[in-house]
Amino acid sequence: SHQPEPDDPANGVWVDNPIGPGEESDQNNFDAPPNLLAYHCKLHADETGTLNIVATTSITRGAGNIVSFAPTSINTGGYVWWRNQDPQQPHLPSPDDPKLGPWFNAAIESGARSTPIQFNSPATVNYHCALHPSEKGVITIAAAKTAGS
């Protein structure tokens, strides 16, 4: 069994009970911005790791049957993944600037999520759905803050 907990107590308690062999934690909502969090096993302090928290961009179908991509902000080196919450159609996020992509080889089916995409330079990245070009989104990548800044 293992019980991961953050090295920085300010990042809260992740799991209340040890996770047994073959079990998964249902903890998936972190009260932290997308970044890397160092952790250790509460039961085995010499077992450590880094958890990469990624930003989630939802694809939703709202009033008037309009599909939207939620705006997303991350720091350089951060990751974004898309969750397709549109129950009607697959979607394929693609950067407007062809030098940045394509990001995916296949559409994200209804109810599925993409693999994460890493962004390493500060920028504003505009994108669209390659299957439905009128559907647009934006990702803002800020320079990562360094210690002391």
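Residues numbered from 1 in each chain as written. Predicted model: local features only at pLDDT ≥ 70, side-chain atom pairs only at ≥ 80, totals over all residues. Heavy atoms only, no water.

1. Overview of the overall build of the chain
Okay, so step 1: Summing up its helical and strand segments, the chain has zero helices and 11 strands in all.
Okay, so step 2: In the chain, the succession of helices and strands from N to C terminus is β-β-β-β-β-β-β-β-β-β-β.
Okay, so step 3: Looking at the 149 residues of the chain, the share that counts as buried comes to 32%.
Okay, so step 4: Long-range contacts, defined as pairs at least 24 residues apart, comprise 53% of the intrachain contacts of the chain with a sequence gap of at least 6.
Okay, so step 5: Within the structure as shown, the chain displays about 9,200 Å² of accessible surface, and the carbon and sulfur contribution to it stands at 50%. (Helix = DSSP H or I, 4+ residues; strand = E, 2+ residues; numbered from the N terminus. Buried < 20%, exposed > 50% of the residue type's maximum accessible area, 1.4 Å probe, protein only. Contact = heavy atoms within 4.5 Å. Areas by Shrake-Rupley, 256 points an atom, 1.4 Å probe, with all protein chains shown as cover.)

2. Notes on the environment of Trp-14
Okay, so step 1: Within the secondary structure, Trp-14 sits in the loop between strand 1 (4-6) and strand 2 (36-41).
Okay, so step 2: Judged by relative accessible area, which is 8%, Trp-14 ranks as buried.

3. Some points on the environment of Ala-38
Okay, so step 1: Structurally, the position occupied by Ala-38 is in strand 2.
Okay, so step 2: Ala-38 sits 33 residues away from Glu-5 along the chain, and the two C-alpha atoms are 8.8 Å apart.

4. Comments concerning the confidence of the model for the chain
Okay, so step 1: Confidence in the prediction of the chain, expressed as mean pLDDT, is 80, and 83% of residues score 70 or more.
Okay, so step 2: For the chain, the element scoring lowest by mean pLDDT is strand 4 (residues 55-61), at 73; strand 8 (residues 93-95) scores highest, at 94. (pLDDT = per-residue confidence, 0-100.)

5. As for unusual backbone geometry
Okay, so step 1: For the bond running from Gly-101 to Pro-102, omega is 15°, close enough to zero to count as cis.
Okay, so step 2: With respect to the helices and strands, Pro-102 occurs in the loop between strand 8 and strand 9 (117-119).

6. Comments concerning the packing of aromatic side chains
Okay, so step 1: The tally for this structure, following the rule as stated, stands at five aromatic pairs.
Okay, so step 2: Summarising the aromatic geometry, the rings of Trp-82 and Phe-104 are spaced 5.6 Å apart at their centres and angled 85° between planes, so their arrangement reads as edge-to-face. Separated by 22 residues along the polypeptide, Trp-82 in strand 7 (residues 78-84) and Phe-104 in the loop between strand 8 and strand 9 bring together distant segments of the chain. Both residues of the pair, Trp-82 and Phe-104, belong to the buried class.
Okay, so step 3: A ring pair is formed by Trp-103 and Phe-119, whose centres lie 5.8 Å apart and whose planes are at 90°; its orientation type is edge-to-face. In this pair, Trp-103 is assigned in the loop between strand 8 and strand 9 and Phe-119 in strand 9, connecting sequence segments 16 residues apart. Across the pair, Phe-119 and Trp-103 agree in class, each one buried.
Okay, so step 4: By way of ring pairs, the aromatic residues Trp-82, Trp-103, Phe-104, Phe-119 and Tyr-127 are connected into one cluster.
Okay, so step 5: The ring of Trp-81 carries the charged tip of Arg-113 above its face, separated from the ring centre by 4.5 Å. (Phe/Tyr/Trp six-rings, centres within 6.5 Å; stacked < 30°, edge-to-face > 60°. Lys NZ or Arg CZ within 6 Å of the ring centre and 35° of its normal.)

7. Some details on the nonpolar core
Okay, so step 1: Ranked by size, the top nonpolar core spans 17 residues in total, and within it Trp-82, Trp-103, Phe-104, Phe-119 and Ile-139 carry the most contacts.
Okay, so step 2: Listing elements by their share of this core, those giving two or more residues are strand 5 (67-69), strand 7, strand 9, strand 10 (123-129) and strand 11 (136-142).
Okay, so step 3: Discounting chain neighbours no more than four positions away, the residues touching Phe-119 are Ile-74, Asn-75, Thr-76, Gly-77, Gly-78, Val-80, Trp-103, Val-125, Ile-139 and Ile-141. (Core = buried A, V, L, I, M, F, W, Y, C linked by side-chain atoms within 4.5 Å.)

8. A short note on the sheet that holds strand 6 (residues 72-75)
Okay, so step 1: Reading across from one edge, 6-11-10-8 is the order of the four strands in this open sheet, with mixed pairing throughout. Each edge of the open sheet carries a strand with a single partner, namely strand 6 and strand 8. In this sheet, neighbouring strand axes are inclined to one another by 30° on average, regardless of whether the strands run parallel or antiparallel.
Okay, so step 2: Across six bridges, the pairing between strand 10 and strand 11 is antiparallel. (Pairing = 2+ DSSP bridges. Axes fitted to C-alpha atoms, helices over the stretch in contact; angles between N-to-C directions.)

9. Here we look at the side chain of Glu-135
Okay, so step 1: Among the structural elements, Glu-135 can be located in the loop between strand 10 and strand 11.
Okay, so step 2: The residues contacting Glu-135, other than those within four sequence positions of it, are Val-67, Phe-69, His-91, Tyr-127, His-128 and Cys-129.

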